[in-house]
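Notes for the structure review
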Amino acid sequence: MDPMEKTYDVVGIGNAIVDVLVQANDDLIDNFELTKGTMALVDEAQAERLYASVGPGLETSGGSAANTLAGVAQLGGRAGFIGRVRNDQLGGIFTHDIRSVGARFDTPAATEGPSTARCLILVTPDAQRTMCTYLGASVGLDPADLDLEMVAQAKVLYLEGYLWDSDEAKAAFITAAEVARAHGGEVALSLSDAFCVERHRESFQELVDGHVDILFANEMEITALYKANSFEEAADQVRGRCKLAALTRSEQGSVVLNGAGTHSVAPFQLGPLLDTTGAGDLYAAGFLHAYTQGQAVEACGRLGSLCAGQVVTQLGPRPQGSLKQLVVQHLG
């Protein structure tokens, strides 16, 4: 880490989304021709039709990077988030929720244009989550929305791959990464989703090679990035292309690659598996919190694994219990 003192441990840029979680069966997934376990982009009309077809839901602020930053803040880290909402009811929910956990969020709400983004998350009995996302106002994020002073004061700038689907957000992404690097910060990227990787494989490869210090990906995402035939082949491909690659493998735990070699991290099983929503986001939260506190790679992986292990035992992507208490209980 850069020795310069920074105001923030982690600042994230991502889609500001309100999640609507509902429990569903496989028939619903099939009827809407969805692919279980993935994320599909939908328009506002499709989002309304899906919403009308399901039972009661749990509304909670989400968004991949926002979930990670909320986790960092809950662990006691100094966190900031940049993302666009509309000045509507869901925008107010999102703003309240992320500020309430201690993260700074000051991006001005849009006063016109699409409504605040929402994601309908269908959780099937096998705990898989299938996401249908209406991106709404979030994709309007552009360089003018950036708080570059906050970006410059971050030890790590954390970016979500979903931003690559919008040209305006992509421009903001690159601008922020350049500012972070110029001020001695590091850049972390989450690949977000295998289909997102398929859409932008070449540019993601260039990004990893030239701009990213810390890469987060799950097994499907990293194999998609390099069109690999196996996880092991993909891990060999990414090795050495960035400072750290943290690769999650669900019940097999995670693997962290750095210049010192390969570090295998066991999973934490803290209760029955209920909902995998947010598992990767909370893994990144724990990992980055430990990293920005100067802990060793193995400790970063273990804290990430612990946070992920907790969030999969509940419905929703934001931890409902105390992460600090969880750390004391399991890591001392």
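Since this is a predicted model, take the numbers as computed values, not measurements. Counting starts from 1 at the beginning of each chain's written sequence and moves along it residue by residue. For this predicted model, a pLDDT threshold of at least 70 governs which residues receive local features, and a threshold of 80 or more governs which side-chain atom pairs are given and counted, while totals over whole chains, interfaces and linings are taken from all residues. In computing side-chain values, all of the structure's heavy atoms are included and hydrogens and water are not.

1. Concerning the packing of helix H3 (residues 64-74) against helix H11 (residues 279-292)
Any two packed helices are characterised by the angle at which their axes cross and by the distance between the axes. Helix axes are fitted only over the stretch in contact, all axes being lines through C-alpha atoms; the angle between N-to-C directions runs from 0 to 180 degrees. Only DSSP runs of H or I with at least four residues qualify as helices, and only runs of E with at least two residues qualify as strands; both kinds are numbered from the N terminus onward. Packing of H3 against H11 leaves a shortest axis separation of 8 Å and a crossing angle of 45 degrees. Classified by the interaxial angle, the pair formed by H3 and H11 is oblique. Relative to H11, the crossing made by H3 is right-handed. Counted together, Ser64, Asn67, Thr68, Gly71 and Val72 of H3 and Asp281, Leu282, Ala284, Ala285, Leu288 and His289 of H11 form the full contact between these two elements. Gly is put with the polar residues, along with every residue not named as nonpolar or charged; the nonpolar set is Ala, Val, Leu, Ile, Met, Phe, Trp, Tyr, Cys and Pro, and the charged set is Asp, Glu, Lys and Arg. Grouping the amino acids of the contact of H3 with H11 by side-chain chemistry returns five nonpolar, five polar and one charged. Here the word oblique covers every angle except those under 35 degrees (roughly parallel), over 145 (roughly antiparallel) and from 65 to 115 (roughly perpendicular). Each crossing gets its hand from how the near helix is turned against the far one by less than a right angle, where anticlockwise is left-handed and clockwise is right-handed. The contact rule is simple, with two residues in contact once any of their heavy atoms fall within 4.5 Å.

2. Overview of the nonpolar core
Nonpolar side chains tend to gather and get buried jointly when the protein is soluble and globular. Joining through side-chain atoms within 4.5 Å is the link that ties buried Ala, Val, Leu, Ile, Met, Phe, Trp, Tyr and Cys residues into a set, and such a set is a nonpolar core. Residue burial is assigned from relative accessible area. The probe radius is 1.4 Å, only protein chains are included, and a residue is buried under 20% of its type maximum, exposed over 50%, and partly exposed in between. Residues Ile13, Leu157, Leu189, Phe204, Leu215, Ile222 and Leu247 are the most contacted members of the largest nonpolar core, which totals 56 residues. With seven residues, helix H6 (residues 167-182) is the largest single contributor of residues to this core. Excluding its chain neighbours within four sequence positions, the residues that come into contact with Ile13 are Ala65, Phe81, Ile82, Leu141, Leu146, Leu157, Tyr158, Leu159, Glu160, Leu163 and Ala176. Among the nonpolar cores identified, the runner-up in size contains 46 residues, and Leu69, Phe81, Ala103 and Cys307 belong to it.

3. Brief notes about the packing of aromatic side chains
By convention here, two paired aromatic rings are described through the distance between centres and the angle between planes. Pairing of aromatic rings covers Phe, Tyr and the six-membered ring of Trp, with a centre-to-centre limit of 6.5 Å; geometry is then stacked below 30 degrees between planes, edge-to-face above 60, and tilted otherwise. Under the definition given, this model contains eight aromatic pairs. On the numbers, 5.8 Å between centres and 40 degrees between planes, the contact of Phe81 with Phe105 is tilted. Taken together, the positions of Phe81 in strand S5 (residues 79-82) and Phe105 in strand S6 (residues 104-105) put the pair 24 residues apart, joining distant regions of the chain. The buried category is assigned to Phe81, whose relative accessible area is 0%. Among the aromatic residues, those joined into a ring-pair cluster are Tyr158, Phe216, Tyr283 and Phe287. Stacked on the ring of Phe231, the Lys or Arg Arg249 has its end atom at 3.9 Å from the ring centre. Criterion for a charge above a ring: Lys NZ or Arg CZ within 6 Å of the ring centre, and within 35 degrees of the ring normal.

4. Examining the side chain of His289
Looking at the element boundaries, His289 is found in helix H11. Setting aside chain neighbours within four positions, we find His289 in contact with Val72, Leu75, Gly76, Gly77 and Leu303.

5. Some details on helix H4 (residues 89-100)
The span one expects for a helix is its residue count, reduced by one, times 1.5 Å. Over its 12 residues, H4 extends 17 Å from the first C-alpha to the last, a length consistent with the 16 Å expected when each residue adds 1.5 Å. Along H4, the positions that sit buried rather than exposed are Leu90, Gly91, Phe94, Thr95, Asp97 and Ile98. At its buried positions, H4 is contacted by strand S2 (17-23), strand S4 (58-62), H3, S5, S6 and strand S7 (117-123). Gly102, located one to two residues past H4, shows a positive phi value of around 105 degrees.

6. A few points about the packing of H11 against helix H12 (residues 297-311)
Interaxial distance between H11 and H12 falls to 7 Å at its minimum, and their mutual angle equals 145 degrees. H12 is crossed by H11, and the crossing has right-handed handedness. Note on element contacts: H12 touches H11 through Val297, Ala299, Cys300, Gly301, Leu303, Gly304, Ser305, Cys307, Ala308 and Val311, opposite Ala279, Leu282, Tyr283, Gly286, Phe287, His289, Ala290 and Tyr291. Among the residues forming the contact of H11 with H12, the class breakdown is 13 nonpolar, five polar and no charged.

Remember that the coordinates give geometry; whether it matters functionally is a separate question.
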